[in-house]
Amino acid sequence: MTKLSVNINKIATLRNSRGGNNPDLVKVALDCERFGSEGITVHPRPDERHIRYQDVFDLKATIATEFNIEGNCREQKFVDLVLANKPAQVTLVPDAEGQITSNHGWDTIKHKDYLQEMVSVFKSAGIRVSIFVDPVVEMVEAAAESGTDRIELYTEAYAHNYYDNREKAILPYIAAAHKANEIGLGINAGHDLDLHNLKYFAESIPGLLEVSIGHALISDALYLGLENTIQLYLKQLKH
């Protein structure tokens, strides 16, 4: 079954809005694990507007499931943070500084040499590497040339077009997944996946190993409760 990694950035945003330590980020992460999450994802940014760098150290020392740190490897501070904590996985995302949320994958053709270099840095430290990519077969092929272990398919376009024509919306992702399977890349996915569109996506993508979900899951938890929400997301991944 596809693993669920809960992105807890929004919990940190809520905490930071008031100061102090309420909600307690580490406690929430541990509760997510207790409620069934198979991983915890964070995406620290240079301004620390949600996840603080110290949070990463605190989480690494505490959680028992897979730890996934997302971020822009062009920031040396991020690279140092990942190497100091050695998570199970690092996901390389081409965010610009100050970007509100991720909105595109890497051009793995244009940046192939750079990505090869960075993948080698992390893999040498024993960290599994995933590269954030758009659902384009050529980008998947070039990602493999970097030496990465996995790709993470950027699913915003699928989510945006899901209600208009989900069969059409999923086609680029199926093609990208087939190519990834063919050349030996693991497949992750994330961005705007929710309780409405997740099941169809998971059933349609061959070899989907992991989804990382934050904003929608935390928003649903306001109404449904965190434990119930995690169980509902896990249910969507069963097929």
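About the thresholds
Residues numbered from 1 in each chain as written. Predicted model: local features only at pLDDT ≥ 70, side-chain atom pairs only at ≥ 80, totals over all residues. Heavy atoms only, no water. Helix = DSSP H or I, 4+ residues; strand = E, 2+ residues; numbered from the N terminus. Rg over C-alpha atoms; globule rule 2.2 N^0.38 Å. Buried < 20%, exposed > 50% of the residue type's maximum accessible area, 1.4 Å probe, protein only. Contact = heavy atoms within 4.5 Å. UniProt positions renumbered as here; feature names shortened; annotations may be inferred. Pairing = 2+ DSSP bridges. Axes fitted to C-alpha atoms, helices over the stretch in contact; angles between N-to-C directions. Parallel < 35°, antiparallel > 145°, perpendicular 65-115°, else oblique. Left-handed = near helix turned anticlockwise from the far one by under 90°. Nonpolar A, V, L, I, M, F, W, Y, C, P; charged D, E, K, R; others polar. Phe/Tyr/Trp six-rings, centres within 6.5 Å; stacked < 30°, edge-to-face > 60°. Lys NZ or Arg CZ within 6 Å of the ring centre and 35° of its normal. Arc of directions from axis to C-beta.

Asks: Requested: an account of the overall build of the protein chain, with residues and values cited.
Replies: Looking only at helices and strands, the protein chain has ten helices and eight strands in total. For 239 residues, the compact-globule formula gives about 18 Å, and the C-alpha radius of gyration of the protein chain, at 17 Å, lands near that figure. Taken along its principal axes, the extent of the C-alpha atoms in the protein chain is 45 × 40 × 30 Å. Evaluated residue by residue, the protein chain yields a buried proportion of 54% over its 239 residues. Put simply, 68% of the contacts in the protein chain that link residues at least 6 apart link residues at least 24 apart.

Asks: Would you mind going over the UniProt feature "active site" (unreviewed entry) in the protein chain in detail, with residue names and values included?
Replies: Per the UniProt record, the feature "active site" (unreviewed entry) sits at His43, Glu70 and His191. Taken along the chain, the residues just named run across 149 residues; in space they keep tight, none of their C-alpha pairs more than 12.5 Å apart. Its location among the elements puts His43 in the loop between strand E2 (39-42) and helix H3 (53-60). With relative accessibility at 4%, the residue His43 sits in the buried group. The topology assignment puts His191 in the loop between strand E7 (186-190) and helix H8 (198-204).

Asks: Quick one: what's the story with the sheet that holds strand E1 (residues 3-7), residue by residue and with numbers?
Replies: One closed barrel accounts for eight strands, arranged E1-E2-E3-E4-E5-E6-E7-E8; its pairing is parallel. When the angles between neighbouring strand axes are averaged without regard to direction, this sheet yields 25°. Bridge count for E1 against strand E8 (residues 208-213) is four bridges, and the pairing is parallel. From the neighbouring strand, Ser5 faces E8, where its bridge partner is Ser212.

Asks: Outline the packing of H3 against helix H4 (residues 76-85), listing residues and values.
Replies: Between H3 and H4, the shortest axis-to-axis distance is 10 Å and the interhelical angle comes to 15°. When the axes of H3 and H4 are compared, the pair comes out roughly parallel. For the pair H3 and H4, the crossing hand works out as right-handed. Contact residues: H3 offers Tyr53, Val56, Phe57 and Lys60, while H4 offers Lys77, Phe78, Leu81, Ala84 and Asn85. Its residues assigned to classes, the contact of H3 with H4 comprises six nonpolar, one polar and two charged.

Asks: Which residues make up the UniProt feature "binding site: 1-deoxy-D-xylulose 5-phosphate" (unreviewed entry) in the protein chain, and what are the values?
Replies: Here, the residues flagged by UniProt with the feature "binding site: 1-deoxy-D-xylulose 5-phosphate" (unreviewed entry) are Arg45, His50 and Thr101. If you trace the backbone, Arg45 turns up in the loop between E2 and H3. Here His50 shows up in the loop between E2 and H3.

Asks: I'd love a proper account of the packing of aromatic side chains, names of residues and values included.
Replies: The geometry of an aromatic ring pair is captured by two quantities: the separation of the ring centres and the angle between the planes. Applying the stated criterion to the full structure yields eight aromatic pairs. When the centroid spacing of 6.1 Å and the interplanar angle of 70° are considered together, the rings of Tyr158 and Tyr173 count as edge-to-face. Judged by relative accessible area, Tyr173 falls into the buried class, the value being 1%. Positioned over the ring face of Tyr114 is Arg74, at 4.0 Å from the centre of the ring.

Asks: Can you tell me about the environment of His160, naming the residues and giving the values?
Replies: Mapped onto the elements of the fold, His160 is located in helix H7 (residues 156-183). For the pair formed by His160 and Asn197, sequence separation is 37 residues and the distance between their alpha carbons is 9.9 Å.

Asks: Go over helix H1 (residues 9-18), please, and point to the residues and values.
Replies: Residues of H1 that are buried: Asn9, Ile11, Ala12, Arg15 and Asn16. Taken end-on, H1 shows its buried residues confined to a sector of 155°, consistent with a single buried face. Seen from the buried face of H1, the exposed residues on the opposite side, beyond 90 degrees, are Leu14, Ser17 and Arg18. Packed against the buried residues of H1 are E1, helix H2 (25-34), E2, H3 and helix H9 (215-224). Just beyond H1, the residue with positive phi is Gly19, at close to 80°.

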